[in-house]
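What follows is each chain in one-letter form.
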Amino acid sequence: RKPALKASHGRNAVFLANTWGHPAKIAVSRAGVPLDISAAARLATPGLAPKDWPPVPAEGIPNDGVGVVFLSSDPNAIMPENKVPLTCPVTPAVNAATVIPASGRGAAFTISADIPVTAYDILPFGGARSHFPSATLLFPTSVWGTNYVAIAPPAGTHNPPGPMWLQIVGLEDGTKVEVRPTVDLLQGPGLNGALAGQLAAYELGAGEVLQWQLPQGNKDGSGTLLLSDKPVALHTGNRFLRLQPMPAPGGEAAHQQNLAVSALGVEYVAAPYETRRKDLAPEDVDYRMVGVVDGTELIYDPPVPGAPAILSKGQVVDFATKEAFRVRSQDDEHPFALAQLMDTANLPGGSRPGATAPGFGTALGDEEFVIVLPPAQFLSRYAFFTDPTYATTNLVLTRAKHEGVFQSVTVDCLGEIGGWKPVGQEGLYEFTTVDLVRADIGVNGCTNGLHLAESKGPFGLVVWGLDSYSSYAYPAGGSAEAITDVVVLPG
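Since this is a predicted model, take the numbers as computed values, not measurements. (Residues numbered from 1 in each chain as written. Predicted model: local features only at pLDDT ≥ 70, side-chain atom pairs only at ≥ 80, totals over all residues. Heavy atoms only, no water.)

## Focus: the sheet that holds strand β21 (residues 310-311)
Quick reminder of the rule: For two strands to be treated as a pair, DSSP must find at least two bridges joining them. Secondary structure elements are taken from DSSP: a helix is a run of H or I of four residues or more, a strand is a run of E of two residues or more, and numbering for both begins at the N terminus.
Pairing is antiparallel across the open sheet formed by four strands, whose spatial order is β18-β23-β20-β21. Edge strands, defined here as strands with exactly one partner in the open sheet, are β18 (267-270) and β21. Where strand β20 (residues 296-301) meets β21, two bridges bridge the pair, whose relative direction is antiparallel. Bridge pairing links glutamate 297 to isoleucine 310 in β21.

Written out as structure tokens, the structure is:
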């Protein structure tokens with residue numbers, strides 16, 4: 001399975017988790033050219049600094065291991081506010097910037113393995129002191145789709161909004177794509193733009209990236225419709241997302257690989273992350289929902305004030321709640337998309353302890369945007385990596401009743417997880433949150449790095465790394481298989 005990774009200005013790295021019982025051999029190429037990763041591919045190793053991690057051995061990433069491939073970094077990249085270098089800890093596969101600065105065409109990295117692996121990125125790597133991190137689960141090419149309804153980070157409250165973008169990655173040469181955007185797509189070198197609401201056609205090759213920057217405004221591209229004749233990946237992002245009413249420090253990058261329509265659910269369970277408030281009161285957690293089919297009727301357990309009762313095709317609705325909830329549509333022909341957001345670190349009444357990175361003070365976490373996977377995509381085992389530069393790492397777990405009971409869930413250093421709470425009244429799902437590390441102090445001897453979570457039943461796992469005005473989050477894995485045959489035509 002060969003996930004393609006979005007390029008970035010700073011440390012551009014991909015994480016590969018192997019849970020298949022024997023080593024996974026990996027290879028990396030870009031624009032069809034194989035790359036030497038003998039120095040760039042390392043094994044995440046507890047207790048060692050990333051620069052000292054051993055190279056991935058010739059036989060590959062071991063079972064239940066995580067390999068980190070440092071793909072590229074600009075040798076001159078720094079965080080302007082604090083002058084922290086944003087270069088990789090080892091020489092990357094491409095020792096230069098690979099970012100597409102605005103609209104234009106570019107080349108993706110192709111990472112292949114001889115057995116299935118789970119892939120995700122945290123950009124920039126070791127990014128707590130960058131104060132601009134974000135993460136995404138990367139879906140393998142085997143589940144890339146030909147039909148998408150985009151869900152993107154919002155424009156936010158910064159004036160002007162951070163540069164927002166949509167990005168399509170091709171799998172095969174001669175791929176034809178039709179796009180009906182909800183906002184103008186700006187033209188760039190070798191790439192035509194498109195007007196909001198009008199159908200536009202494009203062609204791209206294997207490993208080629210088409211990236212459109214969006215005009216500075218309040219529209220972010222959510223609801224954009226895409227149909228292709230061969231599989232593609234769709235990524236969305238905002239290079240500076242701020243969600244706060246006051247002109248205080250804050251704001252981060254945000255990016256996500258979107259699920260194809262075929263992998264979207266008709267049911268979701270939304271579990272809040274652990275509160276960052278000083279008084280430990282629950283936070284209002286923001287959600288974004290995008291409709292796929294007209295007349296999608298939604299049922300919530302428990303009821304969520306302000307959440308939509310009906311969605312139309314491409315409709316975007318934002319709402320907030322303190323509660324965990326389950327939401328489902330009327331039938332299997334009405335899938336929809338759901339994402340969760342973390343907002344500003346400048347919380348009412350101040351932040352609880354937990355941040356230690358220097359730079360802007362100790363307010364915990366900051367803006368982030370992460371897709372919610374439907375329970376139909378849950379797994380029973382996850383090998384995942386948590387960035388050691390973050391002072392606080394929290395896990396959000398959601399389990400589904402399996403064979404009539406809730407199966408126990410274990411995390412290696414924590415043992416069996418407790419503290420489960422019901423989601424709604426129907427008794428089908430439970431959730432909990434647990435710390436691995438809080439304010440640089442490990443829980444039960446835990447440290448950041450490689451971890452393993454498993455159960456006899458399906459469960460979802462979202463990783464949150466938090467520090468001073470910085471946070472990243474990603475689902476630790478998911479099957480992303482086709483669970484609906486609905487097709488949305490952009491015409």
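## Some details on the confidence of the model for the protein
Counted only if it meets this: Scored between 0 and 100, pLDDT is the confidence that the predictor attaches to each residue. Any two residues whose heavy atoms approach within 4.5 Å are treated as being in contact.
Averaged over all residues, the pLDDT of the protein is 91; the fraction at 70 or higher stands at 96%. Here residues 1-10 is modelled with pLDDT under 50, and outside its nearest four sequence neighbours on either side it reaches 56 contacts, counting other chains as well.

## What about the state of the cysteines?
Applicable threshold: Throughout, disulfides are identified as pairs of cysteine sulfur atoms within 2.5 Å of each other.
Summed over all chains, the structure comprises one disulfide. Through a disulfide, cysteine 413 is tied to cysteine 446; the S-S separation comes to 1.9 Å. Residues cysteine 413 and cysteine 446 are joined through a disulfide that is right-handed, its torsion about the S-S bond being 100°. Of this pair, cysteine 413 sits in the loop between β28 (409-411) and β29 (415-416) while cysteine 446 sits in the loop between β32 (441-442) and β33 (450-467), placing them 33 residues apart in sequence.

## A word on a negative patch on the surface
Note the following rule: Here a patch means residues that are over 30% exposed by relative accessible area and free of salt bridges, tied together within 9 Å if like-charged and within 5 Å if nonpolar (Val, Leu, Ile, Met, Phe, Trp, Tyr). For the accessible areas, the method is Shrake-Rupley and the probe is 1.4 Å, while residue cover comes only from the protein chains on display. When a carboxyl oxygen of Asp or Glu is within 4 Å of a side-chain nitrogen of Lys or Arg, the pair counts as a salt bridge. Charged-residue counts in this description rest on Lys and Arg as positive and Asp and Glu as negative, His and the chain ends being excluded. Positions of charges follow a simple convention, taking NZ of Lys, CZ of Arg, CG of Asp or CD of Glu.
A grouping of Glu297, Asp331, Asp332, Glu333 and Asp485 is seen on the molecular surface, where their side chains present a negatively charged patch. Position of aspartate 332 relative to the elements: it lies in the loop between β23 (325-329) and β24 (336-342).

## Points about the environment of leucine 428
The line we're drawing: The cut-offs for exposure are 20% and 50% of the maximum accessible area for each residue type, with area from a 1.4 Å probe on protein chains only; residues under the lower value are buried, those over the upper are exposed, and the others partly exposed.
As for its position among the elements, leucine 428 is in the loop between β30 (421-422) and β31 (429-438). Look at leucine 428 and you get partly exposed, because its relative accessible area is 33%. Note: C-alpha distance between leucine 428 and arginine 326 (102 residues apart in sequence) is 9.3 Å. Setting aside anything within four residues of it in sequence, one finds leucine 428 in contact with Arg326, Arg399, Ala400, Lys401 and Phe406.

## Topic: the pattern of salt bridges
Taken as a whole and judged by the stated rule, the model has 17 salt bridges. Of the charged contacts, one joins aspartate 279 and arginine 277 as a salt bridge, the two residues approaching to 2.9 Å between their closest N and O atoms. Through salt bridges with shared partners, a single ionic network connects Glu267, Arg326, Arg328 and Glu426.

## Thoughts on the sheet that holds β24
The condition is simple: Comment: axis = line fitted to C-alpha atoms, over the contacting stretch for helices; angle = value between 0 and 180 degrees taken between N-to-C directions.
Across the sheet, four strands lie side by side as β22-β19-β24-β25; this open sheet has antiparallel pairing. Two strands close off the open sheet at either side, each with one partner strand: β22 (316-321) and β25 (368-371). The mean angle between the axes of side-by-side strands here comes to 25°, regardless of whether they run parallel or antiparallel. As paired strands, strand β19 (residues 285-291) and β24 are joined by six bridges and run antiparallel to one another. Of the residues in β24, the one forming a bridge with methionine 289 is leucine 338.

## Focus on the layout of surface pockets
This is how it is decided: Residues are called lining when one of their atoms sits within 4 Å of a cavity or pocket point, these points coming from a 1 Å grid over the protein atoms alone, where a cavity is a set in which a 1.4 Å probe fits but cannot get out and a pocket is an open set with protein on both sides within 12 Å along at least five of seven lines. Grid points are joined across faces, edges and corners, and a volume is the space filled by probe spheres set on the points. Only Asp, Glu, Lys and Arg are considered charged in this grouping, and only Ala, Val, Leu, Ile, Met, Phe, Trp, Tyr, Cys and Pro are considered nonpolar; every other residue, Gly among them, is considered polar.
Taken as a whole, the second largest pocket encloses approximately 360 Å³ of empty space. Lining the second largest pocket we find 20 residues, and of these Pro272, Pro282, Lys322, Lys421 and Phe431 sit closest to its centre. Secondary-structure elements contributing two or more residues to the lining of the second largest pocket are β30 and β31. Ranked by residues supplied to the lining of the second largest pocket, first place goes to β31 with three residues. Here the residues of the lining of the second largest pocket sort into 10 nonpolar, five polar and five charged.

## Section: empty space enclosed by the protein
For the structure on display, the rule yields four cavities of 30 Å³ or more. Quantified by volume, the largest cavity comes out at close to 230 Å³. Val269, Val372, Leu373, Thr398 and Val462 are, among the 20 residues lining the largest cavity, the residues nearest its centre. Broken down by secondary-structure element, the contributors of at least two residues to the lining of the largest cavity are β18, β25, β27 (392-400) and β33. Here the lining of the largest cavity is composed, by residue class, of 16 nonpolar, four polar and no charged.

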